[in-house]
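In case you want the letters, here they are:
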Amino acid sequence: MTTLETTGRTATALRPASGLLLASQLVFNIGFYAVVPFLALVMTRDFGLAATAVGIVLGARVFSQQGLFLVGGMITDRWGARRAMLAGCLVRVSGYLTLAMAGSFPLFLLGAVLTGMGGALFSPALESLVGKAEERRRSTGGKAPALFALLAICGEIGAVAGPLLGALLLGVSFTWAALAGAVVFTVMAGVLWHSLPAEEPRHSPAMQKPATPLRPAARQAAAPQSTERAERAEKADGSDGSGGFDGTEGSGGSGGSERSGRTGRTEGTAAMLRDRRFVAFAALYGVNLLAYNQLYFGLPVELARNDAGPEVLAGLFAVASLLTVALQWPISRLTARIGAGRALTAGFILKGLAFGSMAVLAQVPAAGTMQLLPPLLLVVGLCLGHMCIGPVAMPLVLDFARGRRTGIYYGLLASMGGCAVLLGNIVLGPLYAGVSQPGPDAAWPWVLLAALTVLPAVGLPRLLPTKT
């Protein structure tokens, strides 16, 4: 066997299988949905917290996760995906243990923040690995659906099981639900520790192994289509462009230094921030997360208005997940045919219609099963819109990055969403306080949300990455 063949096989072996990445998303969502969707109900029903306090806790959780994705992306690029994902699991375990002991606003806030920080470490690393796998799929002309669509489907399967597990344990106590979530992430950390390939840290190029003469040849043999793109990435990032996905060390060269590594990372971040089109795209895309987050804030408020319990909330989350599992694939194929711009517009229009229906129906008293019509319409509209938006927007990040490391790009996209949720929930909290009874005041939060969806529906198609 030649050295070239050995190098190629080693690089392939060090790439985590797509199945492992998709399974990680599934288990991650089981642990998440077993606890987080019930926070609003628990804080209001069991501990008597006001809607504004609940909005702050939920907003802080989302901000500490999505708002810190940029930091998480930078950590992923610095530590490698394996270390970032393991750290994320352990931090989330600490958050769930804090929530298990919580009985007051400060502890709920601390637990929510720790839970979010765990996600900020885990998710950018996972998305970066999936992004690299998606690039390989594109380069080989694969006909399978985009991995981001499969990622959404696996996540939603977990989102079916999670609320059912959470509702079952909530019948005992919220403490048991939080402890179960901690156990899920502890087990997950162990599996990832044994299954993900070890990576060399990329924060010190001087410590990396010198490049061998055969490595460029091996890379060219493995992916001849991407050689020119990889070279552009090396110049832009000051790295070998591997992004750590295949677990191999950066070439660095015998003259590599700590200073050159820092310069490469700084230039990569600066290049992203200078891309005004991407920054504007990320800012408008933040409305997507604010809208979807109403499943955890606005939906429980609506159910509380109708005196519905956690089993109804779990059932609605199951409906949301089953819709996604059944329709994400065909919707992804449809959006691929109509184009990214039209798909993004359609997705935000669907979310706007969901909020518009809530604005109308929140003013009308309902009885019996008709009380479930508004929240059901909200769930269906938000899910259909999300299915149109997410799998379209995520691959666009690869086009914005143009071969640079994608961790910071996904990080900024999520960070903008986290800021939108934190600020939005602070504004929406007092407005939701008027939703306790049907009437004109109950419509205002939904009117505001519907108006916000107009901005990305119109603006995002004008900000798509230019082809080069």
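Predicted, not measured: the structure shown is a model, and the values here were computed from it. (Residues numbered from 1 in each chain as written. Predicted model: local features only at pLDDT ≥ 70, side-chain atom pairs only at ≥ 80, totals over all residues. Heavy atoms only, no water.)

### Focus on the overall build of the protein chain
- From N to C terminus, the protein chain includes 19 helices and zero strands.
- Here the protein chain holds 468 residues, and the buried ones make up 54% of them.
- Accessible area of the protein chain: about 19,000 Å², with a carbon and sulfur share of 67%. (Helix = DSSP H or I, 4+ residues; strand = E, 2+ residues; numbered from the N terminus. Buried < 20%, exposed > 50% of the residue type's maximum accessible area, 1.4 Å probe, protein only. Areas by Shrake-Rupley, 256 points an atom, 1.4 Å probe, with all protein chains shown as cover.)

### Considering the packing of aromatic side chains
- What the rule picks out here adds up to 17 aromatic pairs.
- For the pair Phe-28 and Phe-185, a centre-to-centre distance of 5.1 Å together with 80° between the ring planes defines the contact as edge-to-face. Pair noted here: Phe-28 is in helix H2 (residues 18-33) and Phe-185 is in helix H9 (residues 174-195), with a separation of 157 residues, a long-range link. Accessibility assignment for this pair places Phe-28 and Phe-185 in one class, buried.
- Grouping aromatic residues by their ring pairs yields a cluster made of Phe-278, Phe-281, Tyr-285, Phe-400 and Tyr-409. (Phe/Tyr/Trp six-rings, centres within 6.5 Å; stacked < 30°, edge-to-face > 60°.)

### Details of the packing of helix H13 (residues 276-292) against helix H17 (residues 373-401)
- In contact at an axis separation of 11 Å, H13 and H17 are set at 155° when each is read in the N-to-C sense. It follows that H13 is roughly antiparallel to H17 by the angle criterion. Classified by chirality, the crossing of H17 by H13 is left-handed. Across the interface between the two elements, Arg-277, Phe-278, Phe-281, Tyr-285, Asn-288, Ala-291 and Tyr-292 of H13 pack against Leu-382, His-386, Ile-389, Gly-390, Ala-393, Met-394, Leu-396, Val-397 and Phe-400 of H17.
- The residue makeup of the contact of H13 with H17, split by class, is 12 nonpolar, three polar and one charged. (Axes fitted to C-alpha atoms, helices over the stretch in contact; angles between N-to-C directions. Parallel < 35°, antiparallel > 145°, perpendicular 65-115°, else oblique. Left-handed = near helix turned anticlockwise from the far one by under 90°. Contact = heavy atoms within 4.5 Å. Nonpolar A, V, L, I, M, F, W, Y, C, P; charged D, E, K, R; others polar.)

### Section: helix H16 (residues 340-361)
- Between its terminal C-alpha atoms H16 stretches 32 Å, which fits the 32 Å expected from 22 residues at 1.5 Å a residue.
- Taken together, the buried positions of H16 are occupied by Gly-341, Ala-343, Leu-344, Gly-347, Phe-348, Lys-351, Gly-352, Ala-354, Phe-355, Ser-357, Met-358 and Ala-359.
- The inward-facing, buried residues of H16 abut H13, helix H14 (298-305), helix H15 (310-338), H17 and helix H19 (444-459). (Expected span 1.5 Å × (residues − 1).)

### Thoughts on the side chain of Glu-302
- Locating Glu-302 in the fold gives a position in helix H14.
- Every residue in contact with Glu-302, bar those within four places of it in the chain, is listed here: Met-358, Pro-374, Pro-375 and Val-435.

### Points about the side chain of Thr-335
- Secondary-structure assignment places Thr-335 in helix H15.
- Each residue touching Thr-335, except ones within four places of it in the same chain, is listed here: Ala-343, Cys-388 and Val-392.

### Quick word on the environment of Ile-56
- Note on placement: Ile-56 falls in helix H4 (residues 51-67).
- Taking C-alpha positions, Ile-56 is 9.1 Å from Leu-423, a pair spaced 367 residues apart along the chain.
- Residues within four places of Ile-56 in sequence aside, it is in contact with Phe-105 and Leu-109.

### What about the nonpolar core?
- By size, the foremost hydrophobic cluster in this structure holds 118 residues, and its most contacted members are Phe-108, Phe-174, Phe-281, Leu-299 and Trp-446.
- When residues in this core are grouped by element, the largest group, 15 residues, is from H17.
- Residues in contact with Phe-174, not counting those within four places in the same chain, are Val-35, Leu-39, Val-42, Leu-99 and Phe-108. (Core = buried A, V, L, I, M, F, W, Y, C linked by side-chain atoms within 4.5 Å.)

### Describing a nonpolar patch on the surface
- A contiguous nonpolar surface patch, about 420 Å² in accessible area, is contributed by Val-427, Leu-431, Trp-444, Val-447 and Leu-448.
- Contributing elements (two or more residues each) for the nonpolar patch: helix H18 (407-432) and H19.
- With three residues, the single largest contributor to the nonpolar patch is H19.
- With respect to the element layout, Val-447 can be found in helix H19.
- Val-447 gets classed as partly exposed once you look at its relative accessible area, which sits at 38%. (Patch = residues over 30% accessible without salt bridge, like charges linked within 9 Å, V, L, I, M, F, W, Y side chains within 5 Å. Salt bridge = Lys/Arg side-chain N within 4 Å of Asp/Glu carboxyl O.)

### What to know about the environment of Met-358
- Relative to the helices and strands, Met-358 resides in helix H16.
- Sequence separation between Met-358 and Ala-450 is 92 residues, and the spatial gap between their C-alpha atoms is 9.5 Å.
- Ignoring anything within four residues of it in the chain, the contact list for Met-358 reads Glu-302, Pro-374, Pro-375, Leu-378 and Trp-446.

### Remarks on the confidence of the model for the protein chain
- Residues at a pLDDT of 70 or more form 78% of the protein chain, whose mean pLDDT is 78.
- Under a pLDDT of 50 for its full length, residues 2-14 has, in the predicted model, 13 contacts with residues more than four places off or in other chains.
- A low-confidence stretch, residues 203-261 (pLDDT under 50), is modelled with 85 contacts involving residues beyond four sequence positions or located in other chains. (pLDDT = per-residue confidence, 0-100.)

### Topic: the environment of Trp-444
- Mapped onto the fold, Trp-444 is located in helix H19.
- With a relative accessible area of 51%, Trp-444 lands in the exposed category.
- Separated by 16 residues in the primary sequence, Trp-444 and Leu-428 place their C-alpha atoms 9.0 Å from one another.

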